[in-house]
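Given next are the chains, with one letter for each unit.
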Amino acid sequence: FASGKGKAPVRVAITGASGQIGYQLLFRIASGDMLGKDQPIILQCLELPGAMNSLKGVAMELDDCAFPLLKGIVQSDKPEEAFAGADYALLVGARPRSKGMERGDLLKANAEIFSVQGKALDKSANRDTLRVLVVGNPANTNALIAARNAPNIDPKRFSAMTRLDHNRGLAQLADKTGSAVTDIEKFCIWGNHSATQYPDINFGTVKGKSLVNTINDQKWVKDNFIPTVQQRGAAIIAARGLSSAASAASAAIDHMRDWTYGTNGQWTSMAIYSEGEYGADKGLYFSFPVIVDNKGKYEIVKGLKLDQFSQERFDATRKELLSEMDGVKELLP
Ligand code: NAD
Ligand code: LMR
């Protein structure tokens, strides 16, 4: 039973709050799915001026849920106001791609938003506690833009979402091996949240046994598994006519919960600030296998050896991120 009696509320800012993902996200956060059934929450919603009326309707529905943990709802079209004192910021608001559009087309359209919001976070968020998750695409490069425009915030407090890709991979692997998603360990996504990402099963296990040996079908991995995970976003758009929303919100909740409370020794995937690990250029927001401790500190899994096949895919996604960075360089102070 959620109550949260006695604990101080934390401030969770969400941009694009009345969009598809926002509508899935707010109710789950307010019900305690993200930070637990004993953590009171204040939701701080940012929307465009033209969407304030729709946001008002969402806030009315939140009221109507009578969530015990929900201690306040801020509705704003001003980034600094929405981010004031924020402990968490989920940057979702951006234009999604539609049928046939490649993610690169979105780069310029969305980059400006993250420059403005980085500056606003720098001014008004809680720098000592802040965790930022960028969901709006192209997520890795938007995280880079936001972080670079927030010079007073540790760049390690910014991240971009590849947890949806990670979860998609787990589901495919569980299906292929006839096991549960929780039986799969040490799977990871390298690189960009895009069609160049590399879902890597080489270190993975299923019920403690090697995934590669259990599947024993390199052709399936190469021609089926990897492209399915890489293209899943486009496949959802083709099927639904809209980009993924409930699954994206669910992954965002997984990401923030694990970043706060830890992964219990398990691997997950997060796109985080690269110090040059595994040859990912320093400064990029790159998805790595990470383990989060129970104090909420993440560490990249070290000492993995990438074979030639993996290295080629790693380099492809790394190069794409470098070219995305080059495409927005005027927005990178
Ligand atoms: P949507 O169009 O339904 O909602 C976006 C909302 O953001 C709208 O309500 C819009 O008014 C608002 N918005 C736009 N610019 C804003 C700004 N500057 N400040 C505040 N709000 C703003 O889109 P959606 O389906 O919710 O998707 C949102 C983003 O998430 C898209 O970029 C999409 O591609 C991305 N996405 C990422 C992943 C991932 O795994 N990283 C998965 C799914 C979707
Ligand atoms: C997804 O992975 O579902 C989103 O990033 C949407 C998209 O454009 O692929």
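So, a few notes on the structure that sits alongside this text. Every value quoted in this text rests on a predicted model; they were computed, and no experiment measured them.

With respect to the packing of helix α6 (residues 163–177) against helix α10 (residues 246–261)
For step 1, the next point in the chain: In the contact formed by α6 and α10, the axes pass within 8 Å of each other and the chain directions differ by 105°. Regarding the angle of α6 to α10, the classification is roughly perpendicular. Contacts from R163, L164 and N167 in α6 reach S247, A248, A251, D254, H255, R257 and D258 in α10.
For step 2, the next point in the chain: Looking at side-chain class alone, the contact of α6 with α10 contains 3 nonpolar, 3 polar and 4 charged residues.

Digging into the sheet that holds strand β7 (residues 184–185)
Sheet strands pair via backbone hydrogen bonds, and the direction of the pair is either parallel or antiparallel.
For step 1, the next point in the chain: Pairing is antiparallel in the open sheet, where 3 strands are placed in the order β7-β10-β11. Looking at the sheet topology across the chains shown, the edges are occupied by β7 and β11 (209–210).
For step 2, the next point in the chain: When β7 meets strand β10 (residues 205–206), the two strands line up antiparallel, connected through 2 bridges. Bridged to E185 within β10 is T205.

What about the site of ligand 2?
For step 1, the next point in the chain: In the vicinity of ligand 2, the residues found are R97, N137, R168, H193, G233, I237, S243 and S244.
For step 2, the next point in the chain: Between an oxygen atom of ligand 2 and a side-chain N or O atom of R168, the distance comes to 2.7 Å.
For step 3, the next point in the chain: For ligand 2, an oxygen atom lies 2.8 Å from a polar atom in the side chain of S244.
For step 4, the next point in the chain: Its residues assigned to classes, the shell around ligand 2 shows 1 nonpolar, 5 polar and 2 charged.

Considerations on the site of ligand 1
For step 1, the next point in the chain: Neighbouring residues of ligand 1: 24 residues in total, closest Q20, I21, E47, V135 and N137.
For step 2, the next point in the chain: Residue Q20 places a main-chain N or O atom 2.8 Å away from an oxygen atom belonging to ligand 1.
For step 3, the next point in the chain: Contact distances for ligand 1 include 2.8 Å between an oxygen atom and a side-chain N or O atom of N137.
For step 4, the next point in the chain: In isolation ligand 1 has 860 Å² of accessible area, and contact with the protein removes 87% of it.
For step 5, the next point in the chain: When contributions to the shell around ligand 1 are tallied by element, the ones reaching two or more residues are α1 (20–30) and α4 (103–124).
For step 6, the next point in the chain: Counted by class, the shell around ligand 1 contains 11 nonpolar, 11 polar and 2 charged residues.

Side note on the packing of aromatic side chains
For step 1, the next point in the chain: Counting across every chain of the model gives 12 aromatic pairs.
For step 2, the next point in the chain: Relative to Y278, the ring of W190 lies with its centre 5.1 Å away and its plane at 70°, an arrangement referred to as edge-to-face. With W190 in strand β8 (residues 188–190) and Y278 in the loop between β12 (268–273) and β13 (285–292), this pair connects stretches of sequence that are 88 residues apart.
For step 3, the next point in the chain: Residue Y278 is classed as partly exposed on the basis of its relative accessible area, which comes to 24%.
For step 4, the next point in the chain: Ring pairs connect the aromatic residues W190, Y278, F286, F288 and F314, which therefore count as one cluster.
For step 5, the next point in the chain: A cation over a ring is seen here: R313 above F309, with NZ or CZ 3.6 Å from the ring centre.

Quick word on α6
For step 1, the next point in the chain: Between the first and last C-alpha of α6 there are 21 Å, a value that for 15 residues agrees with the 21 Å anticipated at 1.5 Å per step.
For step 2, the next point in the chain: G178 occupies a position one or two residues after α6 and carries a positive phi of about 60°.

Some points on the pairing of β12
For step 1, the next point in the chain: For β12, the tally of buried residues reaches 6 of 6 residues, placing the bulk of the element in the interior.
For step 2, the next point in the chain: As judged from the 2 bridges shared by strand β6 (residues 158–160) and β12, these two strands associate in the antiparallel manner. Residue pairing for β12: S159 is matched across the bridge by I272.
For step 3, the next point in the chain: As defined by bridge partners, β12 adjoins β13 across 6 bridges and the pair is classed as antiparallel. Bridge pairing in β13 links A271 to S287.

Reading the values: rules and limits
- Residues numbered from 1 in each chain as written.
- Chains lettered and ligands numbered in written order.
- Predicted model: local features only at pLDDT ≥ 70, side-chain atom pairs only at ≥ 80, totals over all residues.
- Heavy atoms only, no water.
- Axes fitted to C-alpha atoms, helices over the stretch in contact; angles between N-to-C directions.
- Helix = DSSP H or I, 4+ residues; strand = E, 2+ residues; numbered from the N terminus.
- Parallel < 35°, antiparallel > 145°, perpendicular 65-115°, else oblique.
- Contact = heavy atoms within 4.5 Å.
- Nonpolar A, V, L, I, M, F, W, Y, C, P; charged D, E, K, R; others polar.
- Pairing = 2+ DSSP bridges.
- Near = heavy atom within 4 Å.
- Polar contact = N/O pair within 3.5 Å; in protein donor to acceptor, adjacent residues only side chain to side chain.
- Areas by Shrake-Rupley, 256 points an atom, 1.4 Å probe, with all protein chains shown as cover.
- Phe/Tyr/Trp six-rings, centres within 6.5 Å; stacked < 30°, edge-to-face > 60°.
- Buried < 20%, exposed > 50% of the residue type's maximum accessible area, 1.4 Å probe, protein only.
- Lys NZ or Arg CZ within 6 Å of the ring centre and 35° of its normal.
- Expected span 1.5 Å × (residues − 1).

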